Amino acid sequence: MKTPENPSSQSGSRRNAAVLITGAGGEVGHGLIRALSAAGHRDIVAIDIRELDAEIRELCMETFVGDICDEALLGRLMATFEVYEIFHLAALLSTRAEFSPETAHDVNVGGTLGLLRLASEQARSHGASVRFVFPSSIAAYGISDLATKAAAGKVREDQFLEPITMYGCNKLYCEHLGRYYARHYRMLAKDRVPDLVDFRSVRFPGLISSDTVPSGGTSDFAPEMIHAAAKGEPYACFVRADAQIPFMTMPDAIEALLALAAAPREQLTQQVYNLGAFAPTAGEIADLVADAFPGARITFAPDTQRQAIVDSWPADVDDTAARRDWGFAPRHDLASAFGEYLLPNIRARYAR
Ligand code: SER
C-alpha cells in the first residue's frame, strides 16, 4: 500500500482530499488547526460535538457539529471526502469520565473504533494507507502507591500499564486497537489488504496552554492555577503540593503531533511514544506562579479521589524513543515555559 502524500487539493476522484480532525474544538484541536492552516493546509475537515469558534471555522474547508459515534455522520464523511490523514482528538478526559464511565467508554473507545474503521475503508477505497494520529495519555499508566512511583522514576512505555481510570483504560485499549488495525486487521480474510492504517500515537503528559483552560481533566490543576492567578482569582489546588507528573506546553504538543505525523514510517520502531518536557511538583508550579503574580492566592485543598488519580500517574516519563526515532525535542523546559511562553501570553490575554 502506498503512503499518503498530503494531496493538497482535489485528487483524481470526485471527492476532495482531506485531513480529518475530531475534537476540533478542544485545546489541542485549536492549536493543531491553526498550525496546519499556517502550514498551508486548505483541506481541513473538522468535527466537534459543539459549534466551533468562528475563527477556527474559517481555517477549515468544512466543519461538522456532531457526535463521532454517529455512524451516519461518519458515512457522510466517507462519501464526501478522500481522507488521507486523521488526527483523532475527541475524548472525555479523566475527571469527567469518572462521573459517567460508560458514556466515556462509548465516546473514547466506540468513537475510536468507528474512526479506525473509517480510516481502513478510506484506505481501501483510495488505495493509499491513511495516517491515524492518536493522542494517548500518561493516564494509560497506573502505579499502585507513592513509594513505587518514587522508585520508578522515568517510566518506559511498557511499564505500569494498569490504569485506574476509565479514561486511562480507554486510552490504553485504543492504543491496542490502533496496533491491531495497523498490523493485523482482518488477518484471516482472503481479501485482506495489509497496511490500510498507519497508526501513530503519543502519550501526552499534562498540557498547559496560554490560550485555553482545559475542561474535565485531572492534570488541570497546573493550567487552572496559572490562569486563576493571572485573572487575580484565588485558587484552591485539588492535589497536594508534592504531587508530581510530567507536563509540556501546548505549542510543543502540537509540534510533536506534526513531527510524528511527518516522520518516515520506516523510522518508527514503535506505535506508541512517551512525551515529556518537565516534571514539576504542584508546589513548584505554585511558587513560579507566586513569583510571577505577587498577589496570587493559591492554597492546597486536596481532593482525595483526584489526588489518587494523579498519584497513580508517573512522576516523569522516559521519552528516549520519541527523541531517537522522530526527533522529538520540546522547546520549553519549566523555566522557558513560564518565562517565554505562558507568562507573556497569559498577561497579554487578560490585560485585554
Ligand atoms: N490531561 C488529561 C487528563 O487530565 C490526561 O491525558 O485527563
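Structure shown above.
Here the structure is a predicted model, which is why all the values come from computation and not from measurement.

Participant: Could you clarify how one ought to interpret the packing of helix α10 (residues 282–292) against helix α13 (residues 334–351) in this entry?
Facilitator: The geometry of a pair of packed helices is captured by two quantities: the angle between their axes and the separation between those axes. Contact pair α10 / α13: the axes reach a minimum separation of 12 Å and the direction vectors enclose 50°. On the basis of the axis angle, α10 is oblique to α13. At the point where α10 passes α13, the crossing takes the right-handed sense. Residues I285, L288, V289 and A292 of α10 pack against L334, F338, L343 and R347 of α13. Of the residues belonging to the contact of α10 with α13, the class tally is seven nonpolar, no polar and one charged.

Participant: Please explain the pattern of salt bridges as it appears in this structure.
Facilitator: Two side chains carrying opposite charge are able to pair once their charged atoms lie near each other. Per the stated rule, a full pass over the model turns up 15 salt bridges. In this structure, the salt-bridge partner of R265 is D198, at a minimum N-O distance of 2.3 Å. Here D198 lies in strand β7 (residues 197–204) and R265 lies in the loop between α9 (250–262) and β11 (272–274), a separation of 67 residues in the sequence. The exposure class assigned to R265 is partly exposed, which follows from its relative accessible area of 27%. Within the structure, one salt-bridge network assembled from shared partners comprises R34, E55 and D211.

Participant: What is the right way to look at the nonpolar core in this model?
Facilitator: Note that soluble globular proteins tend to have their nonpolar side chains buried in a common cluster. Among the nonpolar cores identified, the biggest contains 109 residues, and F87, F221 and W326 are the most heavily contacted of them. In contact with F221, other than residues within four places in its own chain, are Y235, C237, F238, V239, I245, F247, A282, I285 and V310.

Participant: Would you take a moment to explain helix α1 (residues 27–38) for this structure?
Facilitator: In an α-helix, one full turn covers 3.6 residues, which means residues spaced three or four apart are oriented alike. For α1, spanning twelve residues, the distance from its first C-alpha to its last is 17 Å, which sits close to the expected 16 Å at 1.5 Å a residue. With nine of twelve residues buried, α1 lies mostly within the body of the structure. Buried residues of α1: E27, V28, G29, H30, G31, L32, I33, L36 and S37, and no others. Here the buried face of α1 lies against β1 (16–22), β2 (44–48), α2 (54–57), β4 (81–88), β8 (206–208) and α9. Positive phi appears at G40, one or two residues downstream of α1, with a value of about 105°.

Rules and cut-offs
Residues numbered from 1 in each chain as written. Predicted model: local features only at pLDDT ≥ 70, side-chain atom pairs only at ≥ 80, totals over all residues. Heavy atoms only, no water. Axes fitted to C-alpha atoms, helices over the stretch in contact; angles between N-to-C directions. Helix = DSSP H or I, 4+ residues; strand = E, 2+ residues; numbered from the N terminus. Parallel < 35°, antiparallel > 145°, perpendicular 65-115°, else oblique. Left-handed = near helix turned anticlockwise from the far one by under 90°. Contact = heavy atoms within 4.5 Å. Nonpolar A, V, L, I, M, F, W, Y, C, P; charged D, E, K, R; others polar. Salt bridge = Lys/Arg side-chain N within 4 Å of Asp/Glu carboxyl O. Buried < 20%, exposed > 50% of the residue type's maximum accessible area, 1.4 Å probe, protein only. Core = buried A, V, L, I, M, F, W, Y, C linked by side-chain atoms within 4.5 Å. Expected span 1.5 Å × (residues − 1).

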